[in-house]
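So you can see what is in the structure, the chains are spelled out below.
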Amino acid sequence: MSYTAFLILILIVAIALILIVMVQNPKGGGLSSSFGGGGAQSLGGVQNTNNFLDRTTWTLAIAMFALILLANFAIPREGDNGFELENTLDGIETTTPVEQNITNDSLK
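*Asks:* Summarise the overall build of the protein chain; cite the residues concerned and give the values.
*Replies:* Tallying secondary structure elements over the protein chain gives three helices and zero strands in all. Shown N-terminal to C-terminal, the secondary structure of the protein chain runs as helices and strands in the order α-α-α. A burial count over the protein chain gives 18% of its 108 residues as buried. A separation threshold of at least 6 residues defines the contact pool for the protein chain, and within that pool the share at least 24 residues apart is 73%.

*Asks:* Summarise the nonpolar core; cite the residues concerned and give the values.
*Replies:* Ranked by size, the top nonpolar core spans twelve residues in total: Phe6, Ile10, Val13, Ala14, Leu17, Ile20, Leu53, Leu60, Met64, Leu67, Ala71 and Ala74. Setting aside chain neighbours within four positions, we find Leu60 in contact with Val13, Ala16, Leu17 and Ile20.

*Asks:* So what about a nonpolar patch on the surface? Which residues, and what values?
*Replies:* Taken together, the side chains of Ile8, Leu9 and Ile12 define a hydrophobic patch exposed on the protein surface, amounting to about 260 Å² of accessible area. One can find Ile8 in helix H1 (residues 3–23).

*Asks:* Would you mind going over H1 in detail, with residue names and values included?
*Replies:* With 21 residues, H1 should cover 30 Å at 1.5 Å per step; its first-to-last C-alpha distance of 30 Å lies within 8% of that length. All of the buried residues along H1 are Phe6, Ile10, Val13, Ala14, Leu17 and Ile20. Axial view of H1: buried residues confined to an arc of 130 degrees, hence all on one face. Away from its buried face by more than 90 degrees, H1 exposes Thr4, Leu11, Ile12, Leu19 and Met22.

*Asks:* For the environment of Ile10, give the residues involved together with the corresponding values.
*Replies:* Here Ile10 shows up in helix H1. In this structure, the C-alpha to C-alpha distance between Ile10 and Leu67, residues 57 residues apart in sequence, is 6.4 Å.

*Asks:* Just give me the short version of the side chain of Thr57, but keep the residues and values in it.
*Replies:* Structurally, the position occupied by Thr57 is in helix H2 (residues 45–74). Under the relative-accessibility criterion, Thr57 is labelled buried at 16%. Beyond its immediate chain neighbours, meaning those up to four positions away, Thr57 contacts Leu17, Ile20, Val21 and Gln24.

*Asks:* Before we move on, can you summarise the environment of Val13 with the specific residues and values?
*Replies:* Within the secondary structure layout, Val13 lies in helix H1. Between the alpha carbons of Val13 and Ala63 there is a distance of 7.6 Å; along the sequence they are 50 residues apart. Apart from residues lying up to four places away in sequence, Val13 is in contact with Leu60, Met64 and Leu67.

*Asks:* Kindly report on the confidence of the model for the protein chain, identifying the contributing residues and their values.
*Replies:* Per-residue confidence for the protein chain averages 75 on the pLDDT scale, and 58% of its residues sit at or above 70. Across the protein chain, H1 holds the top mean pLDDT of 93, while helix H3 (residues 104–107) sits lowest at 58. For residues 38–42, every residue scores under 50 in pLDDT, and the model assigns this stretch three contacts once sequence neighbours within four places are set aside.

What counts and how
Residues numbered from 1 in each chain as written. Predicted model: local features only at pLDDT ≥ 70, side-chain atom pairs only at ≥ 80, totals over all residues. Heavy atoms only, no water. Helix = DSSP H or I, 4+ residues; strand = E, 2+ residues; numbered from the N terminus. Buried < 20%, exposed > 50% of the residue type's maximum accessible area, 1.4 Å probe, protein only. Contact = heavy atoms within 4.5 Å. Core = buried A, V, L, I, M, F, W, Y, C linked by side-chain atoms within 4.5 Å. Patch = residues over 30% accessible without salt bridge, like charges linked within 9 Å, V, L, I, M, F, W, Y side chains within 5 Å. Areas by Shrake-Rupley, 256 points an atom, 1.4 Å probe, with all protein chains shown as cover. Salt bridge = Lys/Arg side-chain N within 4 Å of Asp/Glu carboxyl O. Expected span 1.5 Å × (residues − 1). Arc of directions from axis to C-beta. pLDDT = per-residue confidence, 0-100.

Rendered as structure tokens:
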């Protein structure tokens with residue numbers, strides 16, 4: 001799998017993770033509170049919705065972590081495109097620091 005494919009998968013998982021986290025409400029509301037009342041039991045109940053959102057969040061977070069680690073192995077390395085670190089400083093001129101002569105008369 002190429003590095004670009006891993007980046008696309010990481011982006012998709014990140015967007016899904018953002019959406020799932022935004023649906024949740026830290027005070028017990030969120031998507032599960034919209035099913036409140038008598039109809040909640042027929043739709044799986046509030047507790048099941050919280051469990052689903054919680055498990056989905058953890059699954060996406062673990063998937064993102066794994067994809068990031070796997071993407072590290074797919075990064076193009078030395079020799080793939082002829083890039084060599086030793087040649088990057090060719091043509092850069094070196095400069096030497098200029099010493100300043102400061103006398104006591106110039107400080108007054």
